[in-house]
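Fold and contact review
What follows is each chain in one-letter form.
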Amino acid sequence: MRQVSWVDRGQSVSFEKAEDGPRPACVGVARLGSLQTSGTVFTIWLQLRGSAWVESKEGKFRLRQREWIAFEKESRPLIQAGRDGLCVGVALDADALRMLGALDCSVFTGRGRMSLAEARLALRLWRDAQEPGSTIHQLRPLLLHLASLQREMSGSLQRCPGRSRIRKRQVFGRMQRARMYLEGNSHRVVRIGELAELTNFSSWYLSKTFQSLYEESPQSLSARLRLERAAMLLRDTDMMIGEVASASGFDNCCSFARAFRARFGTSATRYRELPESLTPDSAKPKNVSRKTIKAAQS
């Protein structure tokens, strides 16, 4: 198995140019380093310190400390570590994925958070997997741990249409990629047709299955993500209200103001003035009304 590949202090590396071809590998990106993965490996990334930016076919994402993110082969994510960032990952080829399948486990496109204990265990297993002379089988404990980070997805997987477990996994993997596409494009309105093309499903089947899995329609999730992005920009930047609206995919300030108030119960200006501990960020997806969705889509 290829040993750990470090990209550090502003270095830039591309897996596409690897002479020996992609194999299961432990990789790390730190301190402004960047790594472009190939289209032949499934990758999982764990942010252990600081932050990082990730660009893929699903869009652009920001990874914060103790967050993880996973991508399909064709996503080809580009990882750019922050100034103090440390992001470690695992690149899985077909052999590694087959080994995981033999253990009756799967990993899917998606993102989530780790507890401190989970992050520490992941780092230890990651280090063990790239010890000198290690084989693909040394990767097994790490793969099982990474699969356990996605345990909350098991309920959605069981609700997927399909007569066999393999078919359910295929459908769920595509739905997860559609969800990631919405998250990676929270700066604009995403049309159902784009998601249908991404997943190779009809718009009707996509909408029906998405609603069944996540108890939220693609349009509702898109509206919520855009408004949450706006709230983040209000908290973390000095952008004017109109600039925040534009950066969140709204054509005019009036539609943004209506949608923001419907979502958070206060104006954007007032929201910015509130202490962070009092900002109403905990509204649940199911509470997003049709009025909010229509305002966000206008």
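Per chain, residues are indexed from 1 in the order of the written sequence. It should be noted that, the model being predicted, local features are given only for residues of pLDDT at least 70 and side-chain atom pairs only at 80 or more, the latter also being counted only at that level, while totals for whole chains, interfaces and linings use all residues. Each side-chain value is derived from all of the structure's non-hydrogen atoms; neither hydrogens nor water enter the calculation.

**Section: the overall build of the chain**
Operational definition: Runs of H or I in DSSP of at least four residues are treated as helices and runs of E of at least two as strands, each being numbered from the N terminus. Working definition: with a 1.4 Å probe on protein chains only, accessible area under 20% of the residue-type maximum means buried, over 50% means exposed, and in between means partly exposed. Contacts between residues were defined by any pair of non-hydrogen atoms, one from each residue, lying within 4.5 Å.
Along the backbone of the chain there are twelve helices and eleven strands. Looking at the chain residue by residue over its 298 residues, the buried ones come to 49%. If you take every contact in the chain between residues at least 6 apart in sequence, the share linking residues at least 24 apart comes to 65%.

**Some details on the sheet that holds strand 2 (residues 12-14)**
Test applied: Here a strand pair is declared whenever DSSP counts at least two bridges between the two strands. Each axis is a line fitted through C-alpha atoms, and for a helix only the stretch in contact is used; angles between axes span 0 to 180 degrees, taken between their N-to-C directions.
Taken together, five strands build an open sheet; the order of strands is 2-4-9-6-7 and the sheet is mixed. Either end of the sheet is taken by a strand with one partner, and the two such strands are strand 2 and strand 7 (59-63). Direction aside, the axes of adjacent strands within the sheet are offset by 15° on average.

**Re the environment of Ser 246**
In this structure, Ser 246 sits in helix 9 (residues 241-247). Between the C-alpha atom of Ser 246 and that of Phe 256, which follows or precedes it by ten residues, the distance is 8.9 Å.

**Focus on the packing of helix 6 (residues 192-199) against helix 7 (residues 203-214)**
This is how it is decided: Put simply, angles under 35 degrees are roughly parallel, angles over 145 are roughly antiparallel, angles from 65 to 115 are roughly perpendicular, and the rest are oblique. As a working rule, the residues Ala, Val, Leu, Ile, Met, Phe, Trp, Tyr, Cys and Pro are called nonpolar, Asp, Glu, Lys and Arg charged, and the rest polar, with Gly in that last group.
Put simply, helix 6 and helix 7 touch, their axes get as near as 9 Å, and they point 95° apart. Relative to helix 7, the element helix 6 is oriented roughly perpendicular. Only Ser 203, Leu 206 and Ser 207 of helix 7 make contact with helix 6, whose side of the interface consists of Ile 192, Gly 193, Leu 195, Ala 196 and Thr 199. A per-class count over the contact of helix 6 with helix 7 returns four nonpolar, four polar and no charged.

**Remarks on the pairing of strand 7**
The pairing of strand 6 (residues 52-56) with strand 7 spans five bridges and is antiparallel. Bridged to Ala 52 within strand 7 is Leu 63. Taking the residues that link successive antiparallel strands as the turn, the strand 6-strand 7 hairpin has two residues.

**Thoughts on the packing of aromatic side chains**
How we decide: Stacked, edge-to-face and tilted are the three classes for Phe, Tyr and Trp ring pairs, Trp counted by its six-membered ring, which pair at centre distances within 6.5 Å; planes under 30 degrees apart are stacked, over 60 edge-to-face, the rest tilted. A positively charged side chain is recorded as over a ring if its NZ (Lys) or CZ (Arg) lies within 6 Å of the ring centre. The angle to the ring normal must also be within 35 degrees.
Under the defined criterion, the tally for this structure stands at ten aromatic pairs. On the basis of an interplanar angle of 55° and a centroid distance of 5.3 Å, the ring pair of Phe 264 and Tyr 271 is categorised as tilted. Residue class for Phe 264 comes out buried when judged on its relative accessible area of 7%. Ring pairing ties together the aromatic residues Phe 250, Phe 256, Phe 260, Phe 264 and Tyr 271, which thus form one cluster. Taking NZ or CZ as reference, Lys 60 lies 4.8 Å from the ring centre of Trp 53, over its face. Over the ring of Tyr 214 we find Arg 179; its NZ or CZ atom is 4.7 Å from the centre of that ring.

**Concerning the side chain of Ser 248**
Position of Ser 248 relative to the elements: it lies in the loop between helix 9 and helix 10 (253-264). By relative accessible area, which is 0% here, Ser 248 ends up buried.

**Considering helix 5 (residues 165-184)**
Quick reminder of the rule: Helices are assigned an expected span. That span is 1.5 Å times one less than the residue count.
An ideal rise of 1.5 Å per residue puts 28 Å on 20 residues; helix 5 measures up with 28 Å between its terminal C-alpha atoms. A large share of helix 5 lies buried, amounting to 14 of its 20 residues.

**Regarding the pattern of salt bridges**
Selection rule: Here a salt bridge means any side-chain nitrogen of Lys or Arg lying within 4 Å of a carboxyl oxygen belonging to Asp or Glu.
A complete count under the given rule lists 17 salt bridges for this structure. The closest approach of N and O atoms between Arg 113 and Glu 67, which form a salt bridge, is 3.8 Å. Here the residue Arg 113 occupies a position in strand 11 (residues 110-113), and Glu 67 occupies one in strand 8 (residues 67-71), the gap between them amounting to 46 residues. Between Asp 128 and Arg 124 there is a salt bridge, and its shortest N-O distance comes to 3.7 Å. With Asp 128 and Arg 124 both in helix 2 (residues 116-129) and four residues apart, the pair spans about one turn of that helix. Judged by relative accessible area, which is 35%, Asp 128 ranks as partly exposed. Salt bridges linked by common partners bring Glu 67, Arg 111, Arg 113, Arg 179 and Glu 183 together as one network.

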